[in-house]
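Listed here are the chains, written in short residue letters.
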Amino acid sequence: MAACYKAPTVAARTMDAIKQTNPTMQVLVKPGHEATEVPDVLTPRVAPDTTGVDDRDKKKNKGQNKKRPRDAKCTEVGKSLCLGLIRNNKCPWDDCKFSHDIEAVVVARPQDVGETCVIFEKFGSCPFGVNCRWGSTHINPITGANLFKTGAPPADYDMGVKNGFSIKTQKALRSRKYPFFYERNTPPDQFTPTLTLWGGQILPKPPVVAPLNVSKRDPDDVIEAQTKAYEERMAVAKKEYEQTLLEFEKKKTEAIASSNTPFPKKTKSLIDFENKVYIAPLTTVGNLPFRRIMKKYGADITCSEMALCANLLQGQASELALLKRHEDEDVFGVQLAGGHPDQFSRCAELIEKEDLEVDFIDMNCGCPLDLVCDKGGGSAMMQKANKLKAAVIGIGNVFSGPVTIKMRTGWDEKKPFAVKLCRQIQGWGLPNVAAVMVHGRSRTQRYSRLADYDYIGQVGASMDRGAKEDMARRIPLIPNGDVMSFVDFEERKRAGVSNTAMLARGALIKPWLPTEIKERRHWDISASERLDIMRDFVNFGLEQWGSDKQGINTTRRFLLEWQSFLHRYIPVGCIVEGSVPQRMNERPPLFVGRSDLETLMASDNSADWVKISEMLLGRVDDDFKFEPKHKANSYAKQDRDGGGGGKVEG
Ligand SMILES: Cc1cc2nc3c(=O)[nH]c(=O)nc-3n(C[C@H](O)[C@H](O)[C@H](O)COP(=O)(O)O)c2cc1C
Ligand SMILES: [Zn+2]
Ligand SMILES: [Zn+2]
C-alpha cells in the first residue's frame, strides 16, 4: 500500500463561512451613507421594456445581451477623405478613390470635444488629423492641414501596438492559401509524439520503483524496515532520474542552439507565474486599453481576450486584432479556443511564422458558451483528453513558447474531473506546459456559486501526489475565482495550492487591485482618482481606436461595458469595518457616497454610466442607447437582483 496522502486543508472562505459572518450577504454601509431611495444625483429608474421578450428568449441568451443597440456607421463627410491627406497632407496614391476635398471637412467640423489632443501631446503628431475631435490643437483651422511638433510628418505613426498582420497574410488566410505545415483536419493521433522545438522529445519517463508493500496489521518493525527500504529505492531512482533530466535539458539546449527547425531564433522557456499578478483573459472587457490600465496598476502578466481559432484561420480582421499587444505588456499570452488539435497547431504556427510577439499560448478549456462548446471547444475540450494532448504537442511542434491550459472544475458540479485531468496532463510529461489554471466552477454553474477552493485544493494535492508517485515535473497550478482583495489573494496562497492566483472580475470592479495585492492594503481610493483611471482608459482607447468620431464611439462602448463592472465597487470608507474587504458575491446596497461623483459611480443604472462617459468623451448623440453585453451587471431595472455574479461568460 502506498503511503497515505493527506490533502492540505484549504483556508479559503466557503459560502457557509461568509454567510455566518454576514447572513444577509449584503455589505453594511456606515451611518450617514444609507439610502432608502434612489439618491437625487442619479437618474430615476424606469421599468425595463420587456415587450417582445419572452422567457424562452431570456433563457436562450443566458444573460448575454444579443440584441444590443449598436452605433450607426459614421456617415460624416470626413469618413470618405483620403488617409494620406488626413495624416500627412498629401495623397501618395495615383489612382486614389477617396475624396480630397478637405475644406468641405473643415467647414463641417463640429465643435471639438476638448482642448487638448492627448495623442498629439504624447506623440507629437495625430494620425486622425482633421477628423480628430480634439483636432484644433493640431490642424490649420482654415486649410485643415495636419500639423506636427517637429514640423514634418513622422516616418510612421507608431503607438506601441504590436502583432499586426500584413495584408498579404490576411489575403492568404482568407483564400485558404496560407502555407501551413499541418493539414486541415489532421486526426489527433497523427500529431507526432515529439516536440520538435522543445528538445526533440517528450520528457523521459521516470524509472519504475517497487511500491511500498505493507499493511496496517504488520508489526511496527516490519513497517519501519519496509518504509526505509522503499525510501532508499525512491532516493536512488530519483537521483538517476534527475541525471536523465539533466541530460535531457542539455540535449534540448543543444537542439535549440543548432536547431534546424524553421524557427530557431526565439528563446524557449516556461513562464514563471509564481508570486505574479496575472490578469485572466476577459472577452470584450479585457481589451488592450484595459490591459494597459492593469499594467499601470501593477499587473505582471496579461492575456488577450479569447480568440476563436476558426475565425483566425479564416483571416477575420476583428479576430486577428484580438492578438494585438501593447509594448507596456511585457509578459503577454494569447488565448485560443478551438475544438480540434489542428486548429490550435495552425494558429500557433501562424503566430510563430508571422513573428508575433507572444510569450505563451493559453488554451481555453473553460468557456461555457454553446457557440464554442458545440464545436468541441472551451469546456467541451476538457472532456477530450486525447485531443487536448494532441493539441499541446501540435502547438509545441510549431510554436517556440510554452502553453498554459485554463479549465473549469468540470462540466457539471456533480461530477468534477479537473483533479483527474490535471494529474493526467502532468503525467504526459510534455515540457512545454507552463501551468494549468483552474477556475473553481463547473461549466453548468457559470457564476451562481462561489468558486470552490476546496476542490482546487484537491487538484493541487493530486498534482503533488502525481509529482511524487509518477516522478512527473510538478506543473504549477494557478487557482482562479472570486479574488477581490489582497486578503482573498493571500488566502488562495495560504491554501497551499499555489503561489499565485489570477484576477478576473475583481480587476474589472477594482482596477487598482494589483496595487492592493502588491502593497498588501485596502486602498480607500477617492472618486476623483477612480475617474482618473477611467480617463487613462479613455486616452488609451483613443490611441487604440481613434480620436475621430468612430474611435470615440468604440471607446465609449468599451468604457460602458467596463462600467457595468466598475459600478459594483463600494468605497472602503463608506462601509463598516467588518464589511471590509468587500467580497465578490456580496450584494451592493443602495448607498450615498462621500461626493456626488462617488454616488454616481455606484449607480447600477446604465443611464448614469453614460453620464460619466460624457465627462470624458463629450456628449452622446440624442438617439444614443446602451445596454451592456453582460446583462446581469446592469441593475437598470426596478427590483434589484442578487448583484453577486451575474451570468457572464468565461
Ligand atoms: C466578462 C468576462 C469575460 C470573460 N472572458 C473570458 C475569456 O475570454 N476566456 C476565459 O478563459 N475566461 C473568460 N472569463 C472567465 C475569467 O477569466 C475567470 O475565469 C472567471 O471570471 C472567474 O474568475 P473571477 O471569479 O475572479 O471573476 C471571463 C469572465 C468575465 C467576467
Ligand atoms: Zn488620396
Ligand atoms: Zn488629435
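The rules behind each value
- Residues numbered from 1 in each chain as written.
- Chains lettered and ligands numbered in written order.
- Predicted model: local features only at pLDDT ≥ 70, side-chain atom pairs only at ≥ 80, totals over all residues.
- Heavy atoms only, no water.
- Helix = DSSP H or I, 4+ residues; strand = E, 2+ residues; numbered from the N terminus.
- Buried < 20%, exposed > 50% of the residue type's maximum accessible area, 1.4 Å probe, protein only.
- Contact = heavy atoms within 4.5 Å.
- Areas by Shrake-Rupley, 256 points an atom, 1.4 Å probe, with all protein chains shown as cover.
- pLDDT = per-residue confidence, 0-100.
- Expected span 1.5 Å × (residues − 1).
- Donors = N, O, S within 2.8 Å, 3.2 Å for Na, K, Ca; no water.
- Tetrahedral: all angles 85-135°; square planar, octahedral: opposite > 155°, others 65-115°.

A count of helical and extended segments in the protein gives 23 helices and 10 strands. Put simply, the protein has 650 residues, and 53% of those count as buried. Long-range pairs, those at least 24 residues apart, make up 75% of the contacts in the protein between residues at least 6 apart in sequence. Surface summary for the protein: the accessible area is close to 30000 Å², and the carbon and sulfur share equals 52%.

Here we come to the confidence of the model for the protein. Per-residue pLDDT for the protein has a mean of 85; in total, 83% of the residues score no lower than 70. This model gives residues 1–19 a pLDDT under 50, and the stretch forms 36 contacts once residues within four places in sequence are excluded. Scored below 50 in pLDDT, residues 632–650 makes 69 contacts in the model with residues more than four places away or belonging to other chains.

For the rest of this paragraph, the subject is helix H11 (residues 341–353). The end-to-end C-alpha distance of H11 is 18 Å, a good match for the 18 Å that 13 residues give at a rise of 1.5 Å each. With 12 of its 13 residues buried, H11 lies for the most part within the structure. Turning to H11, its buried residues are Pro341, Asp342, Gln343, Phe344, Ser345, Arg346, Cys347, Ala348, Glu349, Leu350, Ile351 and Glu352. As for H11, its buried residues are in contact with helix H6 (167–174), helix H9 (309–313), strand S5 (332–337), strand S6 (360–365), helix H13 (379–382) and helix H14 (385–398). Phi turns positive, to about 60°, at Asp355, one or two residues after H11.

Coordination of the zinc ion (ligand 3) by the protein comes from Cys117 (SG), Cys126 (SG), Cys132 (SG) and His138 (NE2), over a distance range of 2.2 to 2.4 Å. One way to put it: the four donor atoms around the zinc ion (ligand 3) meet at angles of 96 to 118°, and that makes the site tetrahedral. Mapped onto the sequence, the residues coordinating the zinc ion (ligand 3) show the spacing C-x8-C-x5-C-x5-H. On the accessibility criterion, Cys117 (1% relative accessible area) is buried.

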